[in-house]
Amino acid sequence: MLLGLWLSAIPIQAETFTLRTPGTQLVLEATQGQDLQLLYYGDKSATASDIANANAHAFAALPAFGSVDMIYLPALQVQHADGDLNLELVVDKVEQLSTVNYQLSTITLADKLQPFTLRVYYKAWHSVDIIETWTEIEHREKKPVTLKRFDSGALHFYGDNPHLLHLHGDWAAEAMPTVEPLTRGMKTIRNTDGARNAHLDAPEVMIALDGAPKENYGSVIGAALCWSGNYEIRLNAANNDGYTLYAGIDPQSSEYVLAPRTVFVTPHLALTYSNEGMGGVSRAFHRWARTCGMMHNGNAVRDILLNSWEGIYFDITEERIIAMMNDIAAFGGELFVMDDGWFGNKYPRNNDSSSLGDWVVDTRKLPNGLKALTDAARERHIKFGIWIEPEAVNTASELFEKHPDWALQARGRELKLGRGGTQLVLDMSNPQVQDFVFNLVDTLLTNNPEISYIKWDANASIQNYGSTYLPKDKQNNLYVDYHLGLVKTLERIRAKYPNVVIQNCASGGGRANYGLMPYFDEFWVSDNNDALQRVFIQWGTSYFFPSNAMAQHIGGSPYLMTGRVAPVKFRCDVAMSGRLGMELQPAHMTDEERAQCTTAITDYKELRPIIQLGNLYRLVSPYETVVGPEKQQVASLMYVTDDQAQAVLFAYGLTSFMKQQSRRIRLAGLDPDRTYTLTEKNIRHGEQPCALHGKSFTGAYLMSVGLDIPLSTEYSHDYPSRIFLLTDK
Ligand code: GLA
C-alpha cells in the first residue's frame, strides 16, 4: 500500500469545492448549515462556469429520510434512541487533507435536532481516475440508534438512454455481463449469500450514459462496492430526467444497532468515469487495484503453479504430492499448491463431509508431515503452498465437538447443513473465533516457515442466522459483524505475514470483490476450468479485476465438468491471458501435452510482465454471438505496457466450420507512430509459426485496419488460437 505524506490538514470554509483525478472531477457544495450537494461528477474538461450554470442539477450527496430531499429515495435512514425517524443533516465543517497520493475531503454533517453525526469522505487518487467515498456514523444519544439504511454513497447522473452493465453468474459460470437500458422505476442488484457476494450478482456495475456501452469509446461510469457481505445497489430513475445510483450494505436483516459513541464505518464505494468506454473504466479499476492498495502486493507478478485439486482431489499421499512437484518443476513452474484433503486426525478429510476446523496434518497420508513437503519443494527449486478453509467447520470434527457454540446457529432451531451434509460457518463476529482463525494461520506459518502461498477458501453461505456471541438485541448486526470480524482477522494476518501470497477462493469466484482484495494477492476465477467457458468467464471478470489477480489454470481434456475435448494449445493460451497455473494430473498427460505446457510456461515467463502488469484492451468479445458456419466466432484481447513499447495479443477461435469467414481484428492501445514487429508465441507443438510471425506494422495500421489472424480450422483442429508478442524494435 502506498503511504503518503500529510501535506495539509486544514479546515476550509469552502462552499463549492472540487476533487480531481487525472481525467475526472467531482464537485460538491458544502455550505455551513445547509445540505451537502453534489454538483457534478464526470470529465475534467467541464469548467467551473459550466458547472455553476448547470446548477439546477444539484442533488443531495446522500439523501436522508426526513430531510428536504424526501422526494428522492433515501441513502440514509435511522431510528433515533427516542423513536424519532428523521434525519436533517447539515454541513458542520469541511476538512481537506492532501498526500502525495490522494486528496481526502471530509465533510462533517450534524443533525439539526439529535446528537447524531455523519462524516462523508471522498478520496481522489492523484494517479488514477478513481474517487472512493464512504461514511462514518456516530451519535451521542442516550441509547442505541438503529441504522435502517446506510448506503456508502449515492451518485446522481444524467444520460440519454443510459444502460447498465452488471455481472450475473453462478458457481462454475461466473461473471456473465448483462446489459440493459435503465428504464423508469428502480433496478436493484443485490446478494444475500451472507458470506460471499460475487457468484450470483457481483457488487460492481458500469453505467453507459448514452446508449448501449461500447468497448473503447463513450461515457461510462463504473462503481465497485468494496464489501464482501450482503449488499444492495439501486438505480432509480428520478422525476427530473436524472438517475441515481445508490450502493451500500443490504439493510435487509441487517438493521444495525449502533451503541452511543461507537463509530460505524460503511464500506468504500469506488467510482470512476471514462470517455474511453468500458475499456477505460476497466483500466482505471485495474490500475487502482494494483497501485492504490486495493490489492495486496498489486504490482508484483505471480508465480506459475500446479494445484493438486483436479488432479487427485482428496487422494493425497506424500508420494503423489512429490510426483506432482517433480512434474511442475520439470515444466518450468515455480510453485506447487496442495489443495483440500491433507488434514484431520480423529476425522480424516477423505471427502467433503468432515474435518474442517481440525487443521492438523493427517499423518496417515503424510507420515513425514509438511516438513517433508517443504523440503522436497526446496530441493526442486519451487515454492510450496497449501489450502485451508478457516471460516468453516464440519459437525464431524474435533473443533465442533469442543466448541459447538462457535458455529453460526439459531438458538433452539435445527442446524441447516451445507457442503458434504455437515458443513457450518464459524461465527466471525466472535473474538474467540477470530483468534482461532488467526492462530491456525499463525501456527501453520510458524511451524512451516517455507509455506509461501495459501489458498483461503470459503465454501458455504450463511444458512443459520444467529450468533451465540451477539446479545439478543444485536442479532441483527450479524451479517455486518461477520465481515468486520473477518477483515479484522485478515488485517492481523497481513500485519504479521505481509509476504505470503494468499489466494481468495470461494467455490471459485464467489469472493471476487474489492471488500476482500486488499488482503489477498489474487482470486480463483472459477471452479470451471473448461477453456471455452473460461474465455467467457475471464472476459466478464476482466471488466473490474486486473489480470495478475485472476488465477487461470490449464485443465484436463476431456474436461471433467463439461466433457469438452480441447487442444492443449488452446487450453494453455486461454490460461496464459491471466495468472497462469495448471490444475490436472500430469501423470495422465500425453507427450504432446507435456511438450506444449513446457513451451507455454517458458514463453509465459517472457510475456508475464506485460500480461500481468500491462493495460488491458478487449478487442472482440466472445459475447458477439455468431451462430452458424458463415462467420467465425472469436474472442481477442491484448495487454500493452505503459510505455507502449510492447504488447501481447491473444486471439481465440470459438467455433469451427469449413470455409467460414475469418474475422479482422483491430488492435488498440498502441502508439500509432511506432512500428511493431510480431513474434508468435506458444506455437502449436509440431507446427511452424504463422505468416504474421516476424512481420512489422505501424501502430496506426494495426489499430485502424487490423489483422487477419490465421484461425483457420480446416482439416486441422477445433479451437484454434494464437498469441503474439509485439515489440517496437
Ligand atoms: C472449492 C474450491 C476448489 C477446491 C475445493 C476443495 O470448491 O473452489 O478449487 O479447492 O473447494 O474442496
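Just above, that's the structure.
Note that this is a predicted model, so its numbers are computed, not measured.

Rules behind the numbers
- Residues numbered from 1 in each chain as written.
- Predicted model: local features only at pLDDT ≥ 70, side-chain atom pairs only at ≥ 80, totals over all residues.
- Heavy atoms only, no water.
- Helix = DSSP H or I, 4+ residues; strand = E, 2+ residues; numbered from the N terminus.
- Buried < 20%, exposed > 50% of the residue type's maximum accessible area, 1.4 Å probe, protein only.
- Lys, Arg positive; Asp, Glu negative; His and termini not counted.
- Salt bridge = Lys/Arg side-chain N within 4 Å of Asp/Glu carboxyl O.
- Polar contact = N/O pair within 3.5 Å; in protein donor to acceptor, adjacent residues only side chain to side chain.
- Contact = heavy atoms within 4.5 Å.
- Axes fitted to C-alpha atoms, helices over the stretch in contact; angles between N-to-C directions.
- Parallel < 35°, antiparallel > 145°, perpendicular 65-115°, else oblique.
- Left-handed = near helix turned anticlockwise from the far one by under 90°.
- Nonpolar A, V, L, I, M, F, W, Y, C, P; charged D, E, K, R; others polar.

1. Examining the side chain of D427
At step 1: By the secondary structure assignment, D427 is in the loop between β27 (423-425) and α7 (431-447).
At step 2: Of the side chains with opposite charge, R411 comes closest to the buried, unpaired D427, at an N-O distance of 8.9 Å.
At step 3: At 2.6 Å, the side chain of D427 and the side chain of S429 are in polar contact.
At step 4: In this structure the side chain of D427 is engaged in a polar contact, spanning 2.6 Å, whose partner is the side chain of S467.
At step 5: Leaving out residues up to four positions away in the same chain, D427 has contacts with W406, L408, V433, S467, T468, Y469 and L478.

2. Observations concerning the packing of α7 against helix α8 (residues 478-496)
At step 1: One can describe the packing of α7 onto α8 by two numbers: an axis separation of 9 Å at closest approach and a directional angle of 30°. Between α7 and α8, the crossing angle belongs to the class labelled roughly parallel. You can see that α7 and α8 cross each other, and the crossing is right-handed. Of α8, the residues touching α7 (which contributes Q434, D435, V437, F438, V441 and D442) are G485, K488, T489, R492, I493 and K496.
At step 2: Residue classes in the contact of α7 with α8 are distributed as 4 nonpolar, 3 polar and 5 charged.

3. Concerning the environment of P162
At step 1: Tracing the sequence through the fold places P162 in strand β12 (residues 160-168).
At step 2: Residue P162 is classed as buried on the basis of its relative accessible area, which comes to 0%.
At step 3: Considering only alpha carbons, one finds P162 and D327, 165 residues apart in sequence, at a separation of 52 Å.
At step 4: Each residue touching P162, except ones within four places of it in the same chain, is listed here: F157, P181, L182, I207, A208, L209 and Y243.

4. Some words on the pattern of salt bridges
Oppositely charged side chains are able to pair whenever their charged atoms sit close together.
At step 1: For the coordinates displayed, the defined rule picks out 40 salt bridges.
At step 2: Here E180 ties to K187 by a salt bridge, and the two come within 3.2 Å at their closest N and O atoms.
At step 3: Across the pair D671 and R674 runs a salt bridge whose closest N-O atoms are separated by 3.0 Å.
At step 4: For D671, a relative accessible area of 17% translates into the label buried.
At step 5: You can call R674 partly exposed: its relative accessible area is 24%.
At step 6: What you see here is one network of salt bridges that share partners, running through R149, D151, R190, E232, R234 and D250.

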